[in-house]
Each structure stands twice: as structure tokens, then as C-alpha cells.
Amino acid sequence: MVLGPLCTLLEVTASSPALTMRCLVLIALVPLIAADQRCQPDPNRGYARTYQGRPCASTTRYDDGHRGSCGCGPANSDTPFPWNMQGFMTAPSQKFFDNGGDKQWCGANCGKCVKLTPTGGWINGEGGPTNSHSPIIFMVTNDCPYAGNEKWCQIYGTPGTGNKNSFGYEVHFDLQNHVGQISARGWNNPEVTWEEVGCPGDMAAHWGSCECNWSHGK
């Protein structure tokens, strides 16, 4: 953001057309370096955003009252298990949910866990400052499909392939907020770094009760 005023000054004082042209180019690039987003386009990752060498993701919150695309509720019902509504659960973008595939039921990454750590940044107009920067582990129990979620979840490849959503992130995580568990942490759609991790014992036990585990051998 500081480049604009600097280059304006240079344009006024410099006699070199080449210097003026360089400043205009810098001004054009400023939108890529939004002050609220700490993750920046990384040429080593297909220009998907990273922060301090770690891949980044966008986040939102949701509460739809369904058991989700991993079947985490009683069989033959759309009722979710209580833990699926009250715990730290996530619906990632489609290509992460099914590890590059298009299945919207029992995706390949159902029951997997990710650790999300706020960077302190956010997307201007979509979120805000986050009170806590402590990481939280989430388990995948649902899917964020393209339809209806185009600006967040319309990502056409797996992380690491250079495919991005409209905000430049290679994956998106929609976070279950049924009892305000995300809002209570002061998370307002923060920008995060992410990594796959092993699921804690309680989450692993919960996953054992999901239909996509016991009916699909996951």
C-alpha cells in the first residue's frame, strides 16, 4: 500500500520516462498485496497464497443442521450426531473433500483432520480481525460444492496444483458454527495456514460412527 504515494512522488520529481513507467507498473500490482491479507501469491505454488512458507486457505462459517456429506448421523436419517454440530468440524472445497474427485458423498478425505492457524489477516469485505491466533484442529464431515459457493469453493484442482478460488487460495474450509463454537473463538472468517494432521482421539472415535466409515471401509 505504501508504493502508491511513493511512486506518485517519483512521477512528479523524476524526469526519466522509464522510472515513471516502473512506478505505474508497481501501482498496478498493489491490489495483489492487500493490506488485510497476509498470505501473498507464491510463484512456487502456482501463485496460490502462502504465509511464511506455509500454504494458506480462506474460511467461512456455516450451520445447516444436516448430517453432512460424510454421513455423520444416524443411518437413514438426515439428523446429525450432536458432536457433528457442536465440535470443530469442516466442509472443505470439493477438490479437497474428494482429493481431486467430484464425489459429493463419502469423499476421499472424509474423516481426515486439518490444523488451521489464523495469520492475523482476512479478506477485506468478507471478514475481520481475529481475537485468537491459536491453531484449531478440524475434522472433515461435510463438503463445500461448487454450486452456490462459486467464489469460495470453485477450485478446479487439489492443493499444490496452482488452482485457486476467486480470492487466490488453493483450498477453502467452511467451519461448523451451530452452537457458536467458531464465533466464540473470535474467528471472523480469518485467513489461515493449513496442514493435514492426525485426528485427536475423540475425533477419531467419532469418525468411527459415521456412515462413510462403516459402509465404505474408510
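Presented here is a report on the structure given in the accompanying data block. What you see is a predicted model; the values in this text were computed from it and never measured. (Residues numbered from 1 in each chain as written. Predicted model: local features only at pLDDT ≥ 70, side-chain atom pairs only at ≥ 80, totals over all residues. Heavy atoms only, no water.)

**Notes on the pattern of salt bridges**
Okay, so step 1: Under the defined criterion, the tally for this structure stands at five salt bridges.
Okay, so step 2: Among the salt bridges present, the one from E170 reaches R45, with a minimum N-O distance of 2.8 Å. Placement of E170 in the loop between α5 (150–153) and β7 (172–176) and of R45 in the loop between β1 (40–41) and β2 (49–51) is noted, with a sequence separation of 125 residues between them.
Okay, so step 3: A salt bridge links R67 to E211; the nearest nitrogen and oxygen atoms lie 2.8 Å apart. Here the residue R67 occupies a position in the loop between β3 (54–62) and α3 (82–86), and E211 occupies one in helix α7 (residues 211–214), the gap between them amounting to 144 residues. Accessibility classification places R67 together with E211 in one group, the buried group. (Salt bridge = Lys/Arg side-chain N within 4 Å of Asp/Glu carboxyl O. Helix = DSSP H or I, 4+ residues; strand = E, 2+ residues; numbered from the N terminus. Buried < 20%, exposed > 50% of the residue type's maximum accessible area, 1.4 Å probe, protein only.)

**Some remarks on the pairing of β7**
Okay, so step 1: The buried fraction of β7 is high, at five of five residues.
Okay, so step 2: Judged by which residues are buried, β7 turns out to be covered on both faces: H172, D174 and Q176 on one side and F173 and L175 on the other are all buried.
Okay, so step 3: Taken together, the five bridges between β3 and β7 define a ladder with parallel strand orientation. The residue of β7 that forms the bridge with T60 is D174.
Okay, so step 4: Note: strand β4 (residues 89–92) against β7, three bridges, orientation antiparallel. Note that in β7 the partner of P92 across the bridge is F173. (Pairing = 2+ DSSP bridges.)

**Quick word on the packing of aromatic side chains**
Think of a pair of aromatic rings as described by two things: how far the centres are apart, and how the planes are tilted against each other in angle.
Okay, so step 1: By the definition in use, this model includes eight aromatic pairs.
Okay, so step 2: A centroid spacing of 5.5 Å and a plane angle of 85° characterise the contact between F96 and W194, whose relative ring orientation is edge-to-face. One end of the pair, F96, is in helix α4 (residues 94–97); the other, W194, is in strand β8 (residues 190–197), with 98 residues separating them in the sequence. A single burial state applies to F96 and to W194, both of which are buried.
Okay, so step 3: A centroid spacing of 4.7 Å and a plane angle of 40° characterise the contact between W152 and F167, whose relative ring orientation is tilted. (Phe/Tyr/Trp six-rings, centres within 6.5 Å; stacked < 30°, edge-to-face > 60°.)

**Quick notes on the pairing of strand β6 (residues 136–140)**
Okay, so step 1: Among the five residues of β6, four are classified as buried, and the element is accordingly described as predominantly covered.
Okay, so step 2: Summarising the sheet, strand β5 (residues 113–122) and β6 pair through four bridges and their orientation is antiparallel. Across the sheet, the residue bridging to V114 is F138, located in β6.

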